[in-house]
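Single-letter residue listing:
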Amino acid sequence: MNGNHDAFTLGPLETGPACCVPHPLIQVRNLSLQYDGKTALDTITLDIYQGCITALIGPSGCGKTSFLSTINRLTDLIPRCNVTGQILIGGQDIHHPNCDVQTLRRRIGMVFQKPVPFPLSIRRNLSLPLNEHGVTRKDEVAAIIEQVLYDVGLWDEVHDRLDASALSLSGGQQQRLCIARALALNPEILLMDEPCSALDPMASGVVEDLICRLQGRYTIVIVTHNLAQARRIANYAAFFWVRERAGQLVEFGRSQQIFESPRHELTAAYVNGSRG
Amino acid sequence: MPEIIIPVSVRQKIRDFSLQSLMYLAVLLVSAVFVWLLADLVQGGMAHLSWAFLTESPRDAGRAGGIASILVSTLLILLIALIAAVPLAWATAVLLAEFVPIDSRFGRIVRFSLYVLAGVPSIVFGLFGNAFFSIYLGLGFSILSGGLTLACMLLPILTSTAEAGMRAVPDAYRLSAAALGMTRTAALIHLIFPAATPALAAGLLIGIGRALAETAALLFTSGYVDRMPGSLLDSGRALALHIFDLSMNVPGGDMPAYAAALVLVSLLLGINSLAMMFAHGLQRRRILT
Ligand SMILES: Nc1ncnc2c1ncn2[C@@H]1O[C@H](COP(=O)(O)OP(=O)(O)OP(=O)(O)O)[C@@H](O)[C@H]1O
Ligand SMILES: [Mg+2]
């Protein structure tokens, strides 16, 4: 894996709509979350703009992962986790009884901190979710697989061993496979929870380039501890802080503003590296 | 007198060495017991074992003839026990592992009942089976009654191994599958069950082993008629029961008892290796398609 990074070229992407048209796709209103009665997120209100990359930054334990999981309602799976408040996606309340959670999650791809390839072949990792969503025609599935592997720059590395176990890939390749798997369902939104934290700097660079190329086509929310990375790739940034073990949103704004002229002193201390 | 100082590294080496020797000794002992048992069986039973022994029905209380009818009864009882117990046990395991929180009251009650059930001596199962299946349901002394009694006995082990196997599958798979918009059922079928296959197979094997070795629970339910069963409602004698009867109640039955025991152990070994190969193959196929 290492060493042949400059050997492959990243696949072409069609250009999407211009970035950062300030159209709020996700509107979070007074969102609170309790685990077992203990508040982990305290009345968060935030807009996430369509086609933009929004970075969530903040110290460990401030609820970034929890916040991401409320957007695709993955918190439903956690016992004794209680979410209150409203999240509107494209104007629709995701907690409304008419909102089908499977359809919702199809619209929202998620990439976890640790790569989670299924213990199946590379091909099956990508075709399984497709099949589950009713895409079963062989040629169609094959075309999508090729396209997404191309998009994440994995095609040249794996096209001749699609039937090998996904567990035989390196960590960076596994993470890109997971991104490809999320992309295969053609989502509108991508939630990424520290996608580069388990990767070496080279692989991390590849994933970062990929995220930049996805900008515009997808609405991306990315959690990162790497402030330099957030500064490089994000259009917007949200700074979370933990007060009495409850996560709060301290400041939200354009990435440039957050990093260069933060309004809040906590933000200033955090982005300058003196706290957190 | 100068004190002898043994350097730390040497002390560690000595400790390592003695620990390893102990472990090898333990392994050796375990294998020795197994080999000894097998050798004893082969030595005692081989002479009496023949094709005719496997294909003829017993005569003269088992002193002569073979064990064909016994084998058929045994396999029928086993089959019925598995058909009744496996779906029930695995469904319960899915419920416990996937759908109820680990510390819920319901889960605790079910798990506690299973622990109690697992500890009940098999003779009690025999009495229960006799009262419930044979008398109350009117199945009499029959293969059906014996098989269903065995099914009750197998429920705890099949359920707990399956539940443990499914719980051992990392939650990350469930979360990832859910995040991809897959239903719980889909995740169960495509990810969790396959990942738990070795545990399911292991539980099945332990269950089959117990079922094949069972005597007390069958004495009062499937009975000890050694004729070839004509239907599931006929009485049929299980292999383990046959061995027990030959060695305890039939003077001059030692040779056929040894031979029957050899057959039983070979059967267990065969089923074990088959199931292991099957589980392994299944997993490979899952990964490769
Ligand atoms: N499943 C859970 N059950 C109970 N408490 C939880 C659970 N998940 C998270 N928490 C708690 O909620 C708080 C926020 O956790 P979260 O994982 O969202 O933080 P984070 O900002 O993602 O941290 P990190 O940067 O370390 O990943 C923490 O105090 C954590 O202990
Ligand atoms: Mg986190």
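Structure shown above.
An account of the accompanying structure is given in this report. (Residues numbered from 1 in each chain as written. Chains lettered and ligands numbered in written order. Predicted model: local features only at pLDDT ≥ 70, side-chain atom pairs only at ≥ 80, totals over all residues. Heavy atoms only, no water.)

1. Section: the layout of surface pockets
- Within this model, the largest pocket holds a volume of roughly 730 Å³.
- Along the walls of the largest pocket sit 28 residues, with Leu 77 of chain A together with Glu 98, Asp 171, Arg 174 and Arg 184 of chain B positioned nearest its centre.
- When residues of the lining of the largest pocket are traced back to their parent elements, those giving at least two are helix H2 (101-107) of chain A together with helix H3 (68-99), helix H7 (171-179) and helix H8 (184-195) of chain B.
- Top element by residues in the lining of the largest pocket is H7 of chain B. It accounts for 5 residues.
- Across the lining of the largest pocket, the residue classes break down as 17 nonpolar, 2 polar and 9 charged. (1 Å grid on protein atoms, 1.4 Å probe; cavity = no way out; pocket = protein on both sides within 12 Å on 5 of 7 lines; lining within 4 Å. Points joined across faces, edges and corners; volume = space filled by probe spheres on them. Helix = DSSP H or I, 4+ residues; strand = E, 2+ residues; numbered from the N terminus. Nonpolar A, V, L, I, M, F, W, Y, C, P; charged D, E, K, R; others polar.)

2. Regarding unusual backbone geometry
- With phi around 65°, Arg 245 of chain A is a residue other than glycine that occupies positive phi space.
- Among the secondary structure elements, Arg 245 of chain A is positioned in the loop between strand E9 (236-243) and strand E10 (246-254).
- Phi at Asp 60 of chain B takes a positive value of approximately 55°, unusual for a residue other than glycine.

3. Some words on the packing of helix H6 (residues 143-167) of chain B against helix H9 (residues 197-213) of chain B
Residue and element names in this part refer to chain B.
- Where H6 meets H9, the closest approach of the two axes is 8 Å, and the angle between their N-to-C directions is 160°. The angle between H6 and H9 places the two elements in the roughly antiparallel class. Here H6 runs over H9; the crossing is right-handed. Taking contact as the criterion, the partners of Leu 150, Leu 154, Ile 157, Leu 158, Thr 161, Ala 162 and Gly 165 in H6 are, on H9, Ala 199, Leu 200, Gly 203, Leu 204, Ile 206, Gly 207, Arg 210 and Ala 211. (Axes fitted to C-alpha atoms, helices over the stretch in contact; angles between N-to-C directions. Parallel < 35°, antiparallel > 145°, perpendicular 65-115°, else oblique. Left-handed = near helix turned anticlockwise from the far one by under 90°. Contact = heavy atoms within 4.5 Å.)

4. Let's talk about the packing of aromatic side chains
Residues and elements named next belong to chain A.
- Summed over all chains, the structure comprises 10 aromatic pairs over all chains.
- Measuring from ring centre to ring centre gives 5.5 Å for Phe 67 and Phe 240, while their planes differ by 55°; the resulting arrangement is tilted. Here Phe 240 lies in strand E9 and Phe 67 lies in helix H1 (residues 64-71), a separation of 173 residues in the sequence. Considered together, Phe 67 and Phe 240 belong to a single accessibility category, that of buried residues. (Phe/Tyr/Trp six-rings, centres within 6.5 Å; stacked < 30°, edge-to-face > 60°. Buried < 20%, exposed > 50% of the residue type's maximum accessible area, 1.4 Å probe, protein only.)

5. Concerning the side chain of Ser 142 of chain B
Residue and element names in this part refer to chain B.
- Inspection of the secondary structure assignment puts Ser 142 in the loop between helix H5 (122-136) and H6.
- A distance of 3.1 Å separates the side chain of Ser 142 from the backbone oxygen of Leu 139, its partner in a polar contact.
- Every residue in contact with Ser 142, bar those within four places of it in the chain, is listed here: Thr 221, Ser 222, Leu 232, Leu 233, Asp 234 and Ser 235. (Polar contact = N/O pair within 3.5 Å; in protein donor to acceptor, adjacent residues only side chain to side chain.)

6. Notes on helix H3 (residues 122-132) of chain A
- All buried positions along H3 of chain A are accounted for by Ile 122, Asn 125, Leu 126, Ser 127, Leu 128, Pro 129 and Leu 130 of chain A.
- Just downstream of H3 of chain A, Gly 134 of chain A is the residue with a positive phi angle, here 85°.

7. Here's the deal with the site of ligand 1
All names here are of chain A.
- Lining the immediate surroundings of ligand 1 are Tyr 35, Ala 40, Ser 60, Gly 61, Cys 62, Gly 63, Lys 64, Thr 65, Ser 66, Ile 78, Glu 194 and His 225.
- Note that an oxygen atom of ligand 1 is positioned 2.9 Å from one of the backbone N or O atoms of Gly 61.
- Taking Thr 65, its side chain carries an N or O atom lying 2.6 Å from an oxygen atom of ligand 1.
- Its free accessible area being 630 Å², ligand 1 has 63% of it covered by the protein chains.
- Its residues assigned to classes, the shell around ligand 1 shows 4 nonpolar, 6 polar and 2 charged. (Near = heavy atom within 4 Å. Areas by Shrake-Rupley, 256 points an atom, 1.4 Å probe, with all protein chains shown as cover.)

8. Section: the state of the cysteines
All names here are of chain A.
- Evaluation of the coordinates by the stated rule reveals 0 disulfides over all chains.
- This cysteine, Cys 99, is not joined by any disulfide, and Cys 81 carries the nearest cysteine sulfur, 17 Å off.
- Residue Cys 99 is classed as partly exposed on the basis of its relative accessible area, which comes to 22%.
- Between Cys 178, a cysteine without a disulfide, and Cys 196, which holds the nearest cysteine sulfur, the sulfur-to-sulfur distance is 13 Å.
- On the accessibility criterion, Cys 178 (6% relative accessible area) is buried. (Disulfide = S-S within 2.5 Å.)

9. Considering the side chain of Thr 161 of chain B
All names here are of chain B.
- Counting through the fold element by element, Thr 161 comes out in helix H6.
- For Thr 161, a relative accessible area of 19% gives the class buried.
- When residues no more than four places from it in sequence are discounted, the contact partners of Thr 161 are Ala 199 and Gly 203.

10. Observations concerning the interface of chain A and chain B
- Counting residues at the interface gives 25 residues for chain A, matched by 20 residues for chain B.
- Between chain A and chain B, roughly 2,100 Å² of surface is buried when both sides are summed, and carbon and sulfur atoms account for 67% of that area.
- Joining chain A to chain B, the criterion identifies 0 salt bridges.
- Linking chain A with chain B are 3 residue pairs in polar contact (both at pLDDT 80 or more), by the criterion used here. (Buried area = accessible area lost by both parts, 1.4 Å probe. Salt bridge = Lys/Arg side-chain N within 4 Å of Asp/Glu carboxyl O.)

11. Some thoughts on H1 of chain A
Residue and element names in this part refer to chain A.
- Buried residues dominate H1, accounting for 7 of its 8 residues.
- Along H1, the residues that are buried comprise Lys 64, Ser 66, Phe 67, Leu 68, Ser 69, Thr 70 and Ile 71.
- Backbone geometry just downstream of H1 places Arg 73 in the positive-phi region, at approximately 60°.

12. Describing the pairing of strand E6 (residues 108-111) of chain A
Residue and element names in this part refer to chain A.
- Here E6 shows no split at all, with Ile 108 and Met 110 on one side and Gly 109 and Val 111 on the other all buried.
- The pairing of E6 with strand E7 (residues 189-193) spans 4 bridges and is classified as parallel. Counted as the bridge partner of Val 111 is Met 192 from E7. (Pairing = 2+ DSSP bridges.)

13. Concerning the environment of Ile 89 of chain A
- Relative to the helices and strands, Ile 89 of chain A resides in strand E4 (residues 81-89).
- With sequence-adjacent residues up to four places away left out, Ile 89 of chain A is seen in contact with Leu 25, Ile 26, Ile 71, Ile 94, Leu 104, Arg 107, Ile 108 and Ile 189 of chain A.

14. Structural notes on a nonpolar patch on the surface
- Nonpolar side chains collect at one region of the surface, where Ile 4, Ile 6, Val 10 and Ile 14 of chain B lie side by side and expose about 380 Å² of accessible area between them.
- Note on Ile 6 of chain B: relative accessible area 41%, which makes it partly exposed. (Patch = residues over 30% accessible without salt bridge, like charges linked within 9 Å, V, L, I, M, F, W, Y side chains within 5 Å.)

15. Some remarks on the pattern of salt bridges
- Tallied over the entire structure, the rule returns 16 salt bridges over all chains.
- The closest approach of N and O atoms between Asp 36 of chain A and Arg 80 of chain A, which form a salt bridge, is 3.1 Å. Taken as a pair, Asp 36 of chain A in the loop between strand E1 (24-35) and strand E2 (38-49) and Arg 80 of chain A in the loop between H1 and E4 lie far apart in primary sequence, 44 residues in all.
- One salt bridge in this structure joins Asp 171 of chain B and Arg 174 of chain B, with 3.0 Å as the shortest N-O distance. Placement of both Asp 171 of chain B and Arg 174 of chain B in helix H7 is noted, with a separation of 3 residues, approximately one turn of the helix.
- Since its relative accessible area comes to 53%, Asp 171 of chain B is described here as exposed.
- Arg 174 of chain B gets classed as buried once you look at its relative accessible area, which sits at 14%.
- A cluster of three or more residues bridged by salt bridges with shared partners is formed by Glu 98, Asp 171 and Arg 174 of chain B.

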